[in-house]
Amino acid sequence: MAWRDGVAIAVFDWDMARPAPEVSDVAYALYWFAPFDVDEAELRHRHLSKTFDAHARIEAFLDGYGWTGPLDVMQAVADRREQAVKEVVYLGERGHMPHAAWVDAGWPDRWRTEPRLP
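Residues numbered from 1 in each chain as written. Predicted model: local features only at pLDDT ≥ 70, side-chain atom pairs only at ≥ 80, totals over all residues. Heavy atoms only, no water.

Q: What should I look at first to understand the side chain of Ser24 in this one?
A: For Ser24, the location among the structural elements is in helix H1 (residues 22–33). You can call Ser24 buried: its relative accessible area is 9%. Beyond its immediate sequence surroundings of up to four residues, Ser24 is in contact with Arg80 and Gln83. (Helix = DSSP H or I, 4+ residues; strand = E, 2+ residues; numbered from the N terminus. Buried < 20%, exposed > 50% of the residue type's maximum accessible area, 1.4 Å probe, protein only. Contact = heavy atoms within 4.5 Å.)

Q: Help me understand the confidence of the model for the protein chain in this model?
A: It should be kept in mind that the predicted coordinates are not to be read in detail where pLDDT is low. Summary statistics for the protein chain give a mean pLDDT of 87 and a share of 96% for residues scoring 70 or more. Confidence, expressed as mean pLDDT per element, reaches its minimum in the protein chain at helix H2 (residues 40–45) with 81 and its maximum at helix H5 (residues 99–104) with 96. (pLDDT = per-residue confidence, 0-100.)

Q: Is there a simple way to explain the packing of aromatic side chains in this structure?
A: In this description, an aromatic ring pair is defined by two values, namely the gap between the centres and the angle between the planes. In total, this model carries 6 aromatic pairs according to the counting rule given. Measuring from ring centre to ring centre gives 6.4 Å for Tyr28 and Trp32, while their planes differ by 75°; the resulting arrangement is edge-to-face. Here Trp32 and Tyr28 lie together in helix H1, a separation of 4 residues that amounts to about one turn. For Tyr28, a relative accessible area of 23% gives the class partly exposed. Note on Trp32: relative accessible area 33%, which makes it partly exposed. Taking 5.9 Å as the distance between ring centres and 35° as the angle between the ring planes, the aromatic pair formed by Trp107 and Trp111 counts as tilted. (Phe/Tyr/Trp six-rings, centres within 6.5 Å; stacked < 30°, edge-to-face > 60°.)

Q: Would you take a moment to explain the environment of Leu30 for this structure?
A: Examined against the element boundaries, Leu30 turns out to sit in helix H1. Under the relative-accessibility criterion, Leu30 is labelled buried at 2%. Not counting residues up to four positions away in its chain, the partners in contact with Leu30 are Pro35, Phe36, Ile58, Phe61, Leu62, Val73 and Val77.

Q: Help me understand the pairing of strand S2 (residues 7–10) in this model?
A: Along any regular strand, the residues point their side chains to alternate faces of the sheet. The pairing of strand S1 (residues 2–4) with S2 spans 3 bridges and is classified as antiparallel. The residue bridging Trp3 from the neighbouring strand is Ala8, located in S2. Between S1 and S2, which pair antiparallel and follow one another directly, the connecting turn spans 2 residues, one of which, Asp5, has a positive phi of 55°. (Pairing = 2+ DSSP bridges.)

Q: Where do I start with the packing of H1 against helix H3 (residues 54–65) in this structure?
A: In helix packing, the relevant descriptors are the interaxial angle and the interaxial distance, both defined with respect to the helix axes. The interhelical angle for the contact between H1 and H3, taken along N-to-C directions, is 145°, at an axis separation of 10 Å. Read as a crossing pair, H1 and H3 show a hand that is right-handed. Facing H1, whose interface residues are Glu22, Val26, Ala29, Leu30 and Phe33, H3 presents Arg57, Ile58, Phe61, Leu62 and Tyr65. In terms of residue class, the contact of H1 with H3 is made up of 8 nonpolar, no polar and 2 charged. (Axes fitted to C-alpha atoms, helices over the stretch in contact; angles between N-to-C directions. Left-handed = near helix turned anticlockwise from the far one by under 90°. Nonpolar A, V, L, I, M, F, W, Y, C, P; charged D, E, K, R; others polar.)

Written out as structure tokens, the structure reads:
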């Protein structure tokens, strides 16, 4: 993240970087920052309470990003999440860590039950 005067102004994520449509990055960022998870432990990890407004966070993200086109957020996030799950399974089956540990722990099945908004 890039910070200015104690405020996050940019996020850089080079893990698994590759050419992709713009919506892929937007959907993946929304998945993590909206977020699309109702697990209380995960929300605490992200410093959120159960009362946060995911819809307002989505709107603020898209506005800050400058997104102007149409976007089915739920479908875009679901599609991007499935791509990420397939990548984890592919790498995990080939012994790459931490992907193999995630596959062994059954995380891909859990991830496939998402996304959903609280």
